[in-house]
Amino acid sequence: MIDLTGTIEPVRAIHGGVVVLMVVGLYVLVARGNLIKKLIGLGVFQTSVYLLYIAPGKIAGGSPPIIADGIVTYSNPLPHVLILTAIVVGVATLALGLALVVRIHEEYGTIEEDEILDRDDPA
Amino acid sequence: MAIARLRNLFALVALGGIYSFMMALALLALDAVDVSMTEASVGAGISTVLLLGTLYLTHIHEAPPTRLALFPLAMSIVTGVALLYGVAHLPPFGDPSTPMHRHVAPRYLNDVVRETGVPNAVTAVLASYRGFDTLGEATVIFTAGIGVMVLLRRRRRAPRDDKQGTGS
């Protein structure tokens, strides 16, 4: 992440941050038994992907892609469009997942994965 | 990191909101103003409300982990190493000569005002050039909304049936 002169290049910093967020999200998603926490881990994972997509769209010295007089350099609008869609689909996924969690809580009285598995298979 | 450690889910949700807001600021710094606004309203706003609503209906405290999660930890680390190897070969940051900036985006940026009359290129691409994509997106939200309604309506009907059962 840090080059030999000791300064952090932006690209390394962003990619390193993306990887860290992805790994944390994945770990929370897989390792934690609590269903709400799993969904939050999924959210962290998603935001890392947003960052991964948006970061290459930035052009040094560019401005946001809103056409105006006197501006010649714009950042790339395409990743923004894709990630807008991804955010909205992500919140739809979250809503559906949370509804499932509420239903599971109604049925089993718990939102811990272990306890649910125990109740399904008491032997 | 704190998200992985915290066991009080209420604090966790609050932290998630803060995290989302920080992410919105980062996106703003990367010139993605539309995405930043969406993330701030949807990620920090709606998601937090949804999570709080779910917490209200379920438990606030997470049970302590019963076993050491070695396999997921190892798997996450392996994934991280693979990702680091992958991102090492991505093009440099902020360079306008990378392939993604030379292919489709300039055409949108050059012709967007003449063709659609909308100065915001993101809006124009989302609603005009790729309107069918957005229609599909709306379909996804609609489906998710129906799913939530179906799940939660059964939940509300179930206690009423129980009450009738005990009453008779």
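Quick notes on the rules
- Residues numbered from 1 in each chain as written.
- Chains lettered and ligands numbered in written order.
- Predicted model: local features only at pLDDT ≥ 70, side-chain atom pairs only at ≥ 80, totals over all residues.
- Heavy atoms only, no water.
- Helix = DSSP H or I, 4+ residues; strand = E, 2+ residues; numbered from the N terminus.
- Buried < 20%, exposed > 50% of the residue type's maximum accessible area, 1.4 Å probe, protein only.
- Areas by Shrake-Rupley, 256 points an atom, 1.4 Å probe, with all protein chains shown as cover.
- Contact = heavy atoms within 4.5 Å.
- pLDDT = per-residue confidence, 0-100.
- Buried area = accessible area lost by both parts, 1.4 Å probe.
- Salt bridge = Lys/Arg side-chain N within 4 Å of Asp/Glu carboxyl O.
- Polar contact = N/O pair within 3.5 Å; in protein donor to acceptor, adjacent residues only side chain to side chain.
- Core = buried A, V, L, I, M, F, W, Y, C linked by side-chain atoms within 4.5 Å.
- Axes fitted to C-alpha atoms, helices over the stretch in contact; angles between N-to-C directions.
- Parallel < 35°, antiparallel > 145°, perpendicular 65-115°, else oblique.
- Nonpolar A, V, L, I, M, F, W, Y, C, P; charged D, E, K, R; others polar.

**Here's the deal with the overall build of chain B**
Phase 1: Scanning chain B from terminus to terminus reveals 8 helices and 0 strands.
Phase 2: Along chain B, from the amino end to the carboxyl end, the secondary structure elements read α-α-α-α-α-α-α-α.
Phase 3: By residue count, 33% of the 168 residues in chain B fall in the buried class.
Phase 4: Total accessible area on chain B is roughly 10,400 Å²; 69% of this is exposed by carbon and sulfur atoms.

**Section: the side chain of E137 of chain B**
Phase 1: Its location among the elements puts E137 of chain B in helix α8 (residues 131–167).
Phase 2: E137 of chain B has contacts with L84, T85, V88 and V89 of chain A, leaving out every residue within four places of it along the chain.

**Considerations on the confidence of the model for chain A**
Phase 1: Summary statistics for chain A give a mean pLDDT of 76 and a share of 82% for residues scoring 70 or more.
Phase 2: Counting interchain partners and residues more than four positions distant, the pLDDT-below-50 stretch residues 1–7 of chain A has 7 contacts.

**Quick look at the interface of chain A and chain B**
Phase 1: Contact residues are listed per partner, giving 73 residues for chain A and 78 residues for chain B.
Phase 2: Together, the buried faces of chain A and chain B total about 6,900 Å²; carbon and sulfur atoms form 77% of this surface.
Phase 3: Applying the counting rule to chain A against chain B returns 0 salt bridges.
Phase 4: At the surface where chain A touches chain B, the tally comes to 1 residue pair in polar contact (both at pLDDT 80 or more).
Phase 5: Counting residues per element, the ones that place at least two in the side of chain A that touches chain B are α1 (10–31), α2 (35–57), α3 (77–108) and α4 (113–120) of chain A.

**Description of the environment of S41 of chain B**
Phase 1: Among the secondary structure elements, S41 of chain B is positioned in helix α3 (residues 33–57).
Phase 2: Since its relative accessible area comes to 42%, S41 of chain B is described here as partly exposed.

**Topic: the nonpolar core**
Phase 1: Membership of the largest hydrophobic core comes to 26 residues, with the highest contact counts inside it found for I54 of chain A together with V35 of chain B.
Phase 2: Residue assignment for this core shows that the elements contributing at least two residues are α1, α2 and α3 of chain A together with α2 (9–29), α3 and α7 (121–129) of chain B.
Phase 3: Take this core: its biggest share by element is 6 residues, from α3 of chain A.
Phase 4: Beyond its immediate sequence surroundings of up to four residues, V35 of chain B is in contact with I54, H80, I83, L84 and I87 of chain A together with L27 of chain B.
Phase 5: The next biggest cluster of nonpolar side chains, apart from the first, holds 13 residues, and it includes L39 and I116 of chain A together with L12 and L51 of chain B.

**What to know about the packing of α3 of chain A against α3 of chain B**
Phase 1: Look at α3 of chain A against α3 of chain B: their axes get within 10 Å of each other, and the N-to-C directions meet at 0°. The angle between α3 of chain A and α3 of chain B places the two elements in the roughly parallel class. Across the interface between the two elements, H80, I83, L84, I87, V91, L94, A95, L98, V101, V102 and H105 of chain A from α3 of chain A touch D34, V35, T38, E39, V42, I46, S47, L50, L51, T54 and L57 of chain B from α3 of chain B.
Phase 2: For the contact of α3 of chain A with α3 of chain B, the per-class residue count stands at 15 nonpolar, 5 polar and 2 charged.

**As for the packing of α2 of chain A against α3 of chain B**
Phase 1: Remark: α2 of chain A packs on α3 of chain B, axes separated minimally by 12 Å, with the N-to-C direction vectors making an angle of 175°. Here α2 of chain A lies roughly antiparallel to α3 of chain B, going by the angle between them. When α2 of chain A is examined against α3 of chain B, the residues I36, I40, T47, Y50 and I54 of chain A are found in contact with a partner set consisting of V35, E39, L51, T54 and L55 of chain B.
Phase 2: The class makeup of the residues in the contact of α2 of chain A with α3 of chain B is 7 nonpolar, 2 polar and 1 charged.

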